[in-house]
Amino acid sequence: MREIPRDLIKGLREGQNVAVLTGAGVSAESGVPTFRGQEGLWKRYSPQELATPQAFAQDPKLVWEWYDWRRSLIAPLEPNAAHRFIAALEKRYPHFLLITQNIDGLHQKAGSTRLVELHGNIWKLRCTEEGTVRDDKRVPLPQIPPLCDNCGALLRPHVVWFGEPLPPDALNRAMEAAEDCDLFLVVGTSGVVYPAAAFPQIAQSHKAKVLEINPEETPITSVTTWYLKGKAGEVCQMLARALDLPLGG
Ligand code: BV8
């Protein structure tokens, strides 16, 4: 990636209503493995084996061992420049929404507050009987699978598995942002998981200009106004410099 197009800088400076969609790639430089990449999580496990309600019903211990391992992997990791750039962006615009597919919580750790988690959060557990949700950052979990201290039922990760509906409020807020924004940034997603992968197209068909940041082209690249080939952390540092946006961190 050589330089930042001037009309992109203009768009970032003058934007009034901005939305950002992120995927596992935005956390890659923090050390979180992506799903489908060379070292991807799915290389060793099949999504159908682990990230489905059927897998959990069949073998809750196996599914929990995978999540407990991912929690222990993520716990010491810090946000990178891409997370910090997106957190800084939210302060610049009257209307802004970060739509993340990630469950690692690194956007919040970087200071993002105006966000929706489409696929839930690995640091929250949900009672399979009562539906109650609680924060739980213990690493490792003292008991696998963890049980509800109120009713004794199984607790599950408060994440969205394949075949499960997305949280309606998050989905509605993301849809509204995609329809209303004038600038839509897509950072670090392979664009294969729906309905999240539909948002760039929705934004583009409503009036927004779309920027994609990814070392590889994706199915989203064809609907973008700008495609910056590169790692999210490196490209976002260049964008921050071009915008005189201090990233700190
Ligand atoms: C639903 C949470 C309906 C759990 C996840 C056929 C066609 C279309 C859709 C479907 C279909 N068959 C089934 C479906 C629906 C299905 C789906 O989309 N399947 C796909 C695989 C075909 N979707 C669902 O099931 C969704 N639910 O549709 O419900 C419904 C309605 C009513 C009632 C009942 C049901 C639920 C989907 C959510 C699944 N949960 N995760 C967990 O994490 O354990 S999905 C998982 O994939 C993560 O959330 C992840 O975020 C998401 C997307 O992956 P990416 O984030 O893009 O990550 P990936 O590794 O793929 O790519 C990384 C990218 O980063 C790459 O492009 C790489 O180049 C780039 N990169 C690498 N390094 C860097 C980088 N970029 C920048 N910088 C770097 N340094």
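Our structure is the block above this text.
Residues numbered from 1 in each chain as written. Predicted model: local features only at pLDDT ≥ 70, side-chain atom pairs only at ≥ 80, totals over all residues. Heavy atoms only, no water.

Comments concerning the environment of Leu115
So, step 1. You can see Leu115 is positioned in strand β3 (residues 115–117).
So, step 2. When the C-alpha positions of Leu115 and Glu164 are compared, they lie 21 Å apart, and in sequence the two are 49 residues distant.
So, step 3. Excluding anything up to four places from it in sequence, Leu115 contacts Leu97, Leu98, Thr100, His107, Gln108 and Arg173. (Helix = DSSP H or I, 4+ residues; strand = E, 2+ residues; numbered from the N terminus. Contact = heavy atoms within 4.5 Å.)

Some points on the site of the ligand
So, step 1. Taken together, 33 residues form the shell around the ligand, and within it Arg36, Tyr67, Arg70, Thr189 and Ser190 come nearest.
So, step 2. Between the ligand and the protein, one listed contact pairs a nitrogen atom with a backbone N or O atom of Gly25 at 3.3 Å.
So, step 3. Between the ligand and Tyr194, the relevant distance is 2.7 Å, taken from an oxygen atom to a main-chain nitrogen or oxygen of the residue.
So, step 4. Relative to its free-state accessible area of 1500 Å², the ligand is covered by the protein chains to the extent of 72%.
So, step 5. Counting residues per element, the shell around the ligand draws most heavily on helix α5 (residues 60–74), at 3 residues. (Near = heavy atom within 4 Å. Polar contact = N/O pair within 3.5 Å; in protein donor to acceptor, adjacent residues only side chain to side chain. Areas by Shrake-Rupley, 256 points an atom, 1.4 Å probe, with all protein chains shown as cover.)

A closer look at the pattern of salt bridges
So, step 1. By the definition in use, this model includes 9 salt bridges.
So, step 2. Across the salt bridge formed by Lys10 and Glu14, the nearest N and O atoms sit 3.0 Å from each other. Taken together, the residues span about one helical turn, with Lys10 and Glu14 both in helix α1 (residues 6–14) at a distance of 4 residues.
So, step 3. By relative accessible area, which is 49% here, Lys10 ends up partly exposed.
So, step 4. Here Arg134 makes a salt bridge to Asp149, at a shortest N to O gap of 4.0 Å. Taken together, the positions of Arg134 in strand β5 (residues 133–135) and Asp149 in the loop between β5 and β6 (155–159) put the pair 15 residues apart, joining distant regions of the chain.
So, step 5. Exposure remark for Arg134: the relative accessible area of 22% places this residue in the partly exposed category.
So, step 6. For Asp149, a relative accessible area of 74% puts it in the exposed group.
So, step 7. Salt bridges sharing common partners tie together Arg71, Asp136 and Arg138. (Salt bridge = Lys/Arg side-chain N within 4 Å of Asp/Glu carboxyl O. Buried < 20%, exposed > 50% of the residue type's maximum accessible area, 1.4 Å probe, protein only.)

Notes on the sheet that holds strand β1 (residues 17–22)
So, step 1. Taken together, the 6 strands give an open sheet; going across it, the order is β3-β2-β1-β7-β8-β9, and neighbouring strands pair in parallel fashion. The two strands at the open ends of the sheet, each matched to only one other strand, are β3 and β9 (226–229). Neighbouring strand axes in the sheet, compared pairwise and without regard to direction, differ in orientation by 15 degrees on average.
So, step 2. On top of the sheet, helix α9 (residues 199–206) reaches β1, β7 (183–187) and β8 (209–214); it is set at about 160 degrees to β7, its chief contact. (Pairing = 2+ DSSP bridges. Axes fitted to C-alpha atoms, helices over the stretch in contact; angles between N-to-C directions.)

A word on the packing of helix α8 (residues 168–180) against α9
So, step 1. Contact geometry for α8 and α9: axes closest at 7 Å, N-to-C directions at 35 degrees. Contact residues: Leu171, Ala174, Met175, Ala178 and Glu179 in α8; Phe199, Ile202, Ala203 and His206 in α9.
So, step 2. In terms of residue class, the contact of α8 with α9 is made up of 7 nonpolar, 1 polar and 1 charged. (Nonpolar A, V, L, I, M, F, W, Y, C, P; charged D, E, K, R; others polar.)

What about unusual backbone geometry?
So, step 1. A cis amide bond links Val139 to the next residue, Pro140, at an omega of -10 degrees.
So, step 2. In this fold, Pro140 is placed in the loop between β5 and β6.
So, step 3. In this structure, the amide linkage connecting Tyr194 to the following residue, Pro195, adopts the cis form with an omega of 0 degrees.
So, step 4. Structurally, the position occupied by Pro195 is in the loop between β7 and α9.
So, step 5. One non-glycine residue with positive phi stands out, namely Lys207, at about 150 degrees.
So, step 6. Here Lys207 shows up in the loop between α9 and β8.
So, step 7. For Lys207, a relative accessible area of 53% puts it in the exposed group.
So, step 8. Positive phi outside glycine occurs at Asp244, with the angle close to 50 degrees.
So, step 9. Tracing the backbone shows Asp244 in the segment after α10 (232–242).

So, the pairing of β9
So, step 1. Only one face of β9 is covered, namely the face carrying Trp226 and Leu228; the face carrying Tyr227 and Lys229 is uncovered.
So, step 2. Here 4 bridges tie β8 to β9, and the two strands are oriented parallel to one another. Counterpart to Asn214 in the pairing with β9 is Lys229.

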